[in-house]
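# Coordinate inspection notes
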Amino acid sequence: MARVDLVYFAWVRERIGKAEETLELPESVVTAGELLAYLKTLGEEYETALEHENVIRVAINQEHVDHHEPIAGAREIALFPPMTGG
Amino acid sequence: MARVDLVYFAWVRERIGKAEETLELPESVVTAGELLAYLKTLGEEYETALEHENVIRVAINQEHVDHHEPIAGAREIALFPPMTGG
Amino acid sequence: MAVRIQRQDFDLAAEVRALSQGRHDIGAVVTFSGLCRDEAGTLSALELEHYPGMAEAQITRICEEAVGRFGLQAVSAIHRYGEILPGENIVLVVTASPHRQAAFDGASFIMDFLKTSAPFWKKEHGADGSAGGWVSAKDEDDSARDRWSKD
Amino acid sequence: MAVRIQRQDFDLAAEVRALSQGRHDIGAVVTFSGLCRDEAGTLSALELEHYPGMAEAQITRICEEAVGRFGLQAVSAIHRYGEILPGENIVLVVTASPHRQAAFDGASFIMDFLKTSAPFWKKEHGADGSAGGWVSAKDEDDSARDRWSKD
């Protein structure tokens, strides 16, 4: 089991209903994509928030990563919708 | 004979040795290019200033014109080198 | 290079001065200000959420890339967060270079990447008191970013 | 649209304010400042000669063309003349539009045409007291202008 801080932003945060949490992840969760799939098993709010997986952006330790990237060594993983800054 | 105000700028002005003058032009001078050729007959300073005719820019009544444009109706004709503003 | 994420407004003239004052080697300074727009009069405010830490880090990466790519002499980027009213500033980018094209391209490049890869999200609050929705990302912003891809 | 030819320096912030204050329909403001550059330390001053009347008329024509072509909401252009020291401002262009690309393109277009078709000429005076020479027009400025030609 790996312990990781998760942070959520914008409508991902609103739909999950919290801005951050710390989770113990099973070792079967290797990639960012697998993390999304795992979170969706945790309850309806996660399922709603992460329904369209392909639009969810992932950052590990504050750097963007693709969904196929391994999350090993992550202290902080952020999930959020496409950015709309500027 | 047509009476016209001529104004000169930058090194055209320096080489001709004056900033402006009023001239009576013979009726044989029809285009801007013919004006340049006529001016070169007026003295060595004009010949030096207008030596490379193709780089000399011409404006009639404060609008750029090509050398083949007729100068009929001109109140003010300006001659100057390529511009270097901005 | 100066990158700042802040709640308060910025002072355009002070930022340009900070970057160019006392230097004789700068030929061109370009500034881009992005403002909160509300043509229809239906918006009471934008709420800008951001990811603290990553926002600074990401904008710094974008600016460093622009400095190297366009040979910029100096760059400043300021992005606001929190509540922003119609007509107010959201973002400022300032670039300096010896010649004009690099300053224009650098500022344009930074804005294109800032739109699509800096962790900020805009929520609209309606003038009628409605809760408002999250602004969607635009395909045209992805296209604007992608035109900078090297072959 | 504001076009001014003046001896004195300009106030960047005041020009931007004049153009955007009190409006809620502007999304992007781009400014370009062109400065007197002297990397080598060999210049004491630039002397800018201009053709009064035609300078205003020509810059006005360029700005009007840019407004129509890029759908700009507002434009200001200020060009200085007379003696200009290294590090000082020479020219300012400010453009406003709903979206960023038009504001960038408008300012870049105006600068490219201003360089090649506004009646200004620069003479350099050397730091060693030498009389200096007239700055030559650059082929690259013609090329920069020509990229805006429509087919």
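From a predicted model like this one, the values you see are computed outputs, not experimental measurements.

### Topic: the nonpolar core
One finds Ile59(C), Ile110(C), Ile59(D) and Ile110(D) to be the most contacted residues of the largest nonpolar core, which totals 66 residues. Beyond its immediate sequence surroundings of up to four residues, Ile110(C) is in contact with Ile62(C), Cys63(C), Ala66(C), Val75(C), Val93(C) and Thr95(C).

### Comments concerning the interface of chain D and chain C
Between chain D and chain C, the contact holds 35 residues from the first and 35 residues from the second. A combined buried area of about 2900 Å² lies between chain D and chain C, and 56% of that area is made up of carbon and sulfur atoms. Looking at the side of chain D facing chain C, the largest losses of area belong to His24(D), Arg100(D) and Phe104(D), adding up to 24% of the total buried there. Applying the counting criterion to the chain D and chain C interface returns 4 salt bridges. Where Asp141(D) meets Arg100(C), a salt bridge forms, and the shortest distance between an N and an O atom there is 3.1 Å. If you look at where chain D meets chain C, you find 17 residue pairs in polar contact (both at pLDDT 80 or more). Split into classes, the residues belonging to the side of chain D that touches chain C amount to 16 nonpolar, 9 polar and 10 charged. As paired strands, strand S2 (residues 28-35) of chain C and strand S2 (residues 28-35) of chain D are joined by 7 bridges and run antiparallel to one another. Counterpart to Thr31(C) in the pairing with S2(D) is Thr31(D).

### Concerning the pairing of S2(D)
Residues and elements named next belong to chain D. Among the 8 residues of S2, 8 are classified as buried, and the element is accordingly described as predominantly covered. Across the two faces of S2 the burial is the same, with Ala 28, Val 30, Phe 32 and Gly 34 and Val 29, Thr 31, Ser 33 and Leu 35 all buried. As judged from the 8 bridges shared by S2 and strand S6 (residues 89-97), these two strands associate in the antiparallel manner. By the bridge assignment, Phe 32 is partnered in S6 with Val 93.

### Section: a negative patch on the surface
Taken together, the side chains of Glu44(A), Glu45(A), Glu47(A) and Glu51(A) define an acidic patch exposed on the protein surface. Inspection of the secondary structure puts Glu47(A) in helix H3 (residues 44-49).

### What about the packing of helix H3 (residues 100-117) of chain D against helix H4 (residues 139-146) of chain D?
Residues and elements named next belong to chain D. Remark: H3 packs on H4, axes separated minimally by 9 Å, with the N-to-C direction vectors making an angle of 135°. By the criterion of interaxial angle, the relationship of H3 to H4 is oblique. Note that H3 runs across H4; the crossing there is left-handed. Residue-level inspection shows Asp 112, Phe 113, Lys 115 and Thr 116 of H3 in contact with H4, the latter providing Asp 141, Asp 142, Ala 144 and Arg 145. Of the residues contributing to the contact of H3 with H4, the split by class is 2 nonpolar, 1 polar and 5 charged.

### Concerning the environment of Ala2(B)
Residue and element names in this part refer to chain B. In this fold, Ala 2 is placed in strand S1 (residues 2-8). Overall, Ala 2 belongs to the partly exposed group, its relative accessible area being 43%. Linking Ala 2 and Leu 25, residues 23 residues apart in sequence, is a C-alpha distance of 5.1 Å. Excluding anything up to four places from it in sequence, Ala 2 contacts Leu 23, Glu 24 and Leu 25.

### Side note on the pattern of salt bridges
The full count for this structure, using the stated rule, is 31 salt bridges over all chains. Its salt-bridge partner being Glu53(B), residue Lys40(B) comes within 3.1 Å of it at the nearest N-O pair. Of this pair, Lys40(B) sits in the loop between helix H2 (32-39) and helix H3 (44-49) while Glu53(B) sits in the loop between H3 and strand S3 (57-60); the two residues are 13 residues apart in sequence, bridging distant segments of the chain. In this structure, the salt-bridge partner of Arg4(D) is Glu15(D), at a minimum N-O distance of 2.8 Å. You can see Arg4(D) sitting in strand S1 (residues 2-6) and its partner Glu15(D) sitting in helix H1 (residues 12-20), a full 11 residues away along the chain. Salt bridges linked by common partners bring Arg100(C), Asp112(D), Asp141(D) and Arg147(D) together as one network.

### Considering the relation of the copies chain D and chain C
Structural alignment of chain D on chain C gives an RMSD of 0.0 Å, achieved by rotating through 180° and translating 0.0 Å along the axis. Given the turn and translation reported, the copies of this chain are related as if by a two-fold rotation axis.

### Some words on the side chain of Asp38(C)
For Asp38(C), the position within the fold is in the loop between S2 and strand S3 (43-50). Comment: no salt bridge for buried Asp38(C); closest opposite-charge side chain is Arg37(C), at 8.7 Å. Polar contacts involving the side chain of Asp38(C) include one to the main-chain amide nitrogen of Gly41(C), which spans 3.1 Å. When residues no more than four places from it in sequence are discounted, the contact partners of Asp38(C) are Leu43(C), Pro86(C) and His24(D).

### Some points on the packing of aromatic side chains
How two aromatic rings sit relative to each other is set out by the distance from centre to centre and by the angle between their planes. Counted under the stated rule, the structure contains 20 aromatic pairs over all chains. For the pair Phe104(C) and Phe32(D), a centre-to-centre distance of 5.3 Å together with 20° between the ring planes defines the contact as stacked. Of this pair, Phe104(C) sits in helix H3 (residues 100-117) while Phe32(D) sits in strand S2, each in a different chain. In this structure Phe104(C) comes out as buried when scored by relative accessible area, which is 4%. Following the ring pairs from residue to residue traces out a cluster consisting of Phe9(A), Phe80(A), Tyr51(C) and Trp121(C).

The rules behind these values
- Residues numbered from 1 in each chain as written.
- Chains lettered and ligands numbered in written order.
- Predicted model: local features only at pLDDT ≥ 70, side-chain atom pairs only at ≥ 80, totals over all residues.
- Heavy atoms only, no water.
- Core = buried A, V, L, I, M, F, W, Y, C linked by side-chain atoms within 4.5 Å.
- Buried < 20%, exposed > 50% of the residue type's maximum accessible area, 1.4 Å probe, protein only.
- Contact = heavy atoms within 4.5 Å.
- Buried area = accessible area lost by both parts, 1.4 Å probe.
- Salt bridge = Lys/Arg side-chain N within 4 Å of Asp/Glu carboxyl O.
- Polar contact = N/O pair within 3.5 Å; in protein donor to acceptor, adjacent residues only side chain to side chain.
- Nonpolar A, V, L, I, M, F, W, Y, C, P; charged D, E, K, R; others polar.
- Pairing = 2+ DSSP bridges.
- Helix = DSSP H or I, 4+ residues; strand = E, 2+ residues; numbered from the N terminus.
- Patch = residues over 30% accessible without salt bridge, like charges linked within 9 Å, V, L, I, M, F, W, Y side chains within 5 Å.
- Areas by Shrake-Rupley, 256 points an atom, 1.4 Å probe, with all protein chains shown as cover.
- Lys, Arg positive; Asp, Glu negative; His and termini not counted.
- Charge placed at Lys NZ, Arg CZ, Asp CG, Glu CD.
- Axes fitted to C-alpha atoms, helices over the stretch in contact; angles between N-to-C directions.
- Parallel < 35°, antiparallel > 145°, perpendicular 65-115°, else oblique.
- Left-handed = near helix turned anticlockwise from the far one by under 90°.
- Least-squares fit on C-alpha atoms with pLDDT ≥ 70 in both.
- Phe/Tyr/Trp six-rings, centres within 6.5 Å; stacked < 30°, edge-to-face > 60°.

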